[in-house]
Amino acid sequence: DVIILHGLFGTLDNWQTIARRLSDRMRVTTFDLRNHGRSAHVPDFSIELMASDVYEMLQALHIGSAVIIGHSMGARVAMCFSLAYPAVTDGLIAVDMATKKYERGHDDIFAALEAVDLNAGSRKEVENILAKRIPDEGTLQFLMKNLSRREGGIGFEWKMNLPVIKANYETILQPIASEIVYQGPVLFIRGGNSNYVADEDLADIKKFFPYAELATVAGAGHWVHAERPDAILTLIEQFVAEL
């Protein structure tokens, strides 16, 4: 079994291409983390809580153990999960995220999302408002996937629980902390054009994951799976084949 966890502002749809291709050879489960996508909007939000949500999902689906794959915030959840529940973790793949503390980096996105008039008449109106603050087309389209029509068809709403995510944003930036060391196989994948994982981060990573290996996907930024799906698919398949 393979479980795939999306990143901040993401949904399970972000990994559908990879999940579909992997599902020819293994059972793959993707799901929306709390306060994202179609999952419950709740007042509590942290990496630890999301890791416990994943564990509950495994129990509910009668999945005995799995390889846990996560991107960005989802990688933090996957790390936390493997350290909290090592007995049900067959292996860990963390995509473009290290164990260290990160500085705030999404305030411009929070501001852009909050600037949107959700009573707008069309998706294009919302997109135009966002585009004034978010010039990068890839980021813009990624955020637009969170927009859905309100029930009744008048106006829009965000699929994510924006106020709660913003209020608890600092919690997902904190360094990984655990008394446990995960002794299983671990692969950290980073984008060659991304600055999220530096060479010097490997020493701290190995404190928690002594068997961690680091792979770099050339020509990819932070959205490694979207920019270089074939490369990341190959890495995942090799990792699973060696278990």
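Look up a bit, the structure's there.
Scope of this entry: the structure provided in the associated data block. Please read these numbers as outputs of a predicted model, since none were measured by experiment.

1. Notes on the pairing of strand S3 (residues 66–71)
Working step 1: Most of S3 sits out of view: six of its six residues are buried.
Working step 2: Residues Ala66, Ile68 and Gly70 point to one face of S3 and Val67, Ile69 and His71 to the other, with burial holding for every one of them.
Working step 3: Across four bridges, strand S1 (residues 2–5) lies against S3 in parallel orientation. The partner of Val2 across the bridge, within S3, is Val67.
Working step 4: Two strands pair when backbone bridges link them, and S3 and strand S4 (residues 89–95) are joined in this way by six bridges, in the parallel orientation. Bridging from a neighbouring strand, His71 pairs with Val95 of S4.
Working step 5: In the classification by handedness, the crossover that spans S3, the intervening helix H3 (residues 73–84) and the parallel S4 is right-handed.

2. Description of the sheet that holds strand S8 (residues 212–217)
Working step 1: Strand order in this open sheet of six strands is S2-S1-S3-S4-S7-S8, and the pairing throughout is parallel. Each edge of the open sheet is held by one strand with a lone partner, namely strand S2 (28–31) and S8. Geometrically, the sheet is characterised by an average inter-axis angle of 20° between neighbouring strands, direction not taken into account.
Working step 2: Two elements, strand S7 (residues 186–191) and S8, share six bridges in a ladder whose sense is parallel. When the bridges of S8 are listed, Gly191 appears paired with Val217.
Working step 3: Packing against the sheet, helix H2 (residues 47–60) makes contact with S1 and S2, and its axis sits at approximately 145° to S1.

3. Describing the layout of surface pockets
Working step 1: Space inside the largest pocket adds up to approximately 510 Å³.
Working step 2: The wall of the largest pocket is formed by 28 residues, among which Gly105, His106, Ile109, Tyr196 and His222 lie closest to the centre.
Working step 3: Taken together, the elements giving at least two residues each to the lining of the largest pocket come down to H3, helix H4 (107–115) and helix H6 (137–144).
Working step 4: The element that contributes the greatest number of residues to the lining of the largest pocket is H6, accounting for three residues.
Working step 5: If you add up the space inside the second largest pocket, you get close to 330 Å³.
Working step 6: Lining the second largest pocket are 14 residues, and of these Phe142, Lys145, Trp223, His225 and Ala226 sit closest to its centre.

4. A look at the nonpolar core
Working step 1: Ranked by internal contacts, the top residues of the largest apolar core, which has 62 residues, are Phe9, Leu130 and Phe209.
Working step 2: Here this core gets eight residues from one element, more than from any other, and that element is H3.
Working step 3: Setting aside residues no more than four positions away along its own chain, Leu130 makes contact with Ala112, Leu113, Val116, Leu140, Met144 and Trp158.
Working step 4: By size, the runner-up hydrophobic cluster in this structure holds 23 residues, among which are Ile18, Leu22, Met26 and Ile93.

5. Concerning helix H10 (residues 229–241)
Working step 1: Compared with an ideal rise of 1.5 Å per residue, which puts 13 residues at 18 Å, H10 spans 18 Å between its outermost C-alpha atoms and is within 8% of the ideal.
Working step 2: Restricting attention to buried positions, one finds in H10 the residues Ile232, Leu233, Leu235, Ile236 and Phe239. Buried residues of H10 fall within an arc of 160° about the axis and therefore sit on the same side.
Working step 3: The inward-facing, buried residues of H10 abut helix H1 (16–22), S3, S4, S7, S8 and helix H9 (224–227).

Criteria and cut-off values
- Residues numbered from 1 in each chain as written.
- Predicted model: local features only at pLDDT ≥ 70, side-chain atom pairs only at ≥ 80, totals over all residues.
- Heavy atoms only, no water.
- Buried < 20%, exposed > 50% of the residue type's maximum accessible area, 1.4 Å probe, protein only.
- Helix = DSSP H or I, 4+ residues; strand = E, 2+ residues; numbered from the N terminus.
- Pairing = 2+ DSSP bridges.
- Right-handed = clockwise from strand over helix to strand, strands pointing away.
- Axes fitted to C-alpha atoms, helices over the stretch in contact; angles between N-to-C directions.
- Contact = heavy atoms within 4.5 Å.
- 1 Å grid on protein atoms, 1.4 Å probe; cavity = no way out; pocket = protein on both sides within 12 Å on 5 of 7 lines; lining within 4 Å.
- Points joined across faces, edges and corners; volume = space filled by probe spheres on them.
- Core = buried A, V, L, I, M, F, W, Y, C linked by side-chain atoms within 4.5 Å.
- Expected span 1.5 Å × (residues − 1).
- Arc of directions from axis to C-beta.

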